[in-house]
Amino acid sequence: MPIIAPGRPAPDFTLATYEGDPFTRASLEGRVTVLVFYPFAFSPVCNDQLSVYNELVDDFDAAGATLYGVSCDAVWSLEAFKDKLGLRIEQLSDFEPKGATCRAFGVLHPSGSPERALVLTGPDAVVRWSHVAEDPGAFPGANLIFDALAALER
């Protein structure tokens, strides 16, 4: 199944936050959101990707977007990942049922982990832009996100 295409409503889903609150499709409503799907907390490329995005959180905020990291790791692992890297980007777990949200967005790799992918939704929870990396060893640069945000304004 390919990554969800622009123009489609975000699917129904439930992800877990560390605090135990569900993050659902309704959580996307009312703001521009970027879901940052990544394979594994604490892996070298994921560390680099989230660290770069974290350095630009204020710029993403200024552009009107909120980023959320999404992986199939457990919430405890994600909270440790967030703390270790000093991330201000909320981390969401697709651990149980494992990969259900990733599957719904078309980014679940056959290995059971997410593809390295980005999904931008508008305030109406409709997908405005999506991207999946061809190579899991290279992360999408932040410029791709900023370009997608700029395109929303046109």
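Computed from a predicted model, the values in this text were never measured in an experiment.

About the cut-offs
Residues numbered from 1 in each chain as written. Predicted model: local features only at pLDDT ≥ 70, side-chain atom pairs only at ≥ 80, totals over all residues. Heavy atoms only, no water. Salt bridge = Lys/Arg side-chain N within 4 Å of Asp/Glu carboxyl O. Helix = DSSP H or I, 4+ residues; strand = E, 2+ residues; numbered from the N terminus. Buried < 20%, exposed > 50% of the residue type's maximum accessible area, 1.4 Å probe, protein only.

1. Quick look at the pattern of salt bridges
Next up, step 1: Going through the model one piece at a time under the given rule, you end up with 4 salt bridges.
Next up, step 2: Two residues, Arg88 and Asp58, come together in a salt bridge whose shortest N-O distance is 3.2 Å. Linking Arg88 in the loop between helix H4 (75-85) and strand S5 (90-93) with Asp58 in helix H3 (residues 57-62), this pair joins segments that are 30 residues apart in sequence.
Next up, step 3: We classify Arg88 as partly exposed; its relative accessible area is 49%.
Next up, step 4: With a closest N to O distance of 3.5 Å, Lys82 and Glu90 form a salt bridge.

2. Things to note about unusual backbone geometry
Next up, step 1: The omega torsion of the bond from Glu96 to Pro97 falls at -10 degrees, within 30 degrees of zero and hence cis.
Next up, step 2: For Pro97, the position within the fold is in the loop between S5 and helix H5 (100-105).
Next up, step 3: Phi at Phe42 is positive, roughly 75 degrees, even though this residue is not glycine.
Next up, step 4: By relative accessible area, Phe42 is classed as partly exposed at 41%.
Next up, step 5: Backbone geometry places Ala125, a non-glycine residue, at a positive phi of 65 degrees.
Next up, step 6: If you trace the backbone, Ala125 turns up in the loop between strand S6 (117-121) and strand S7 (127-132).

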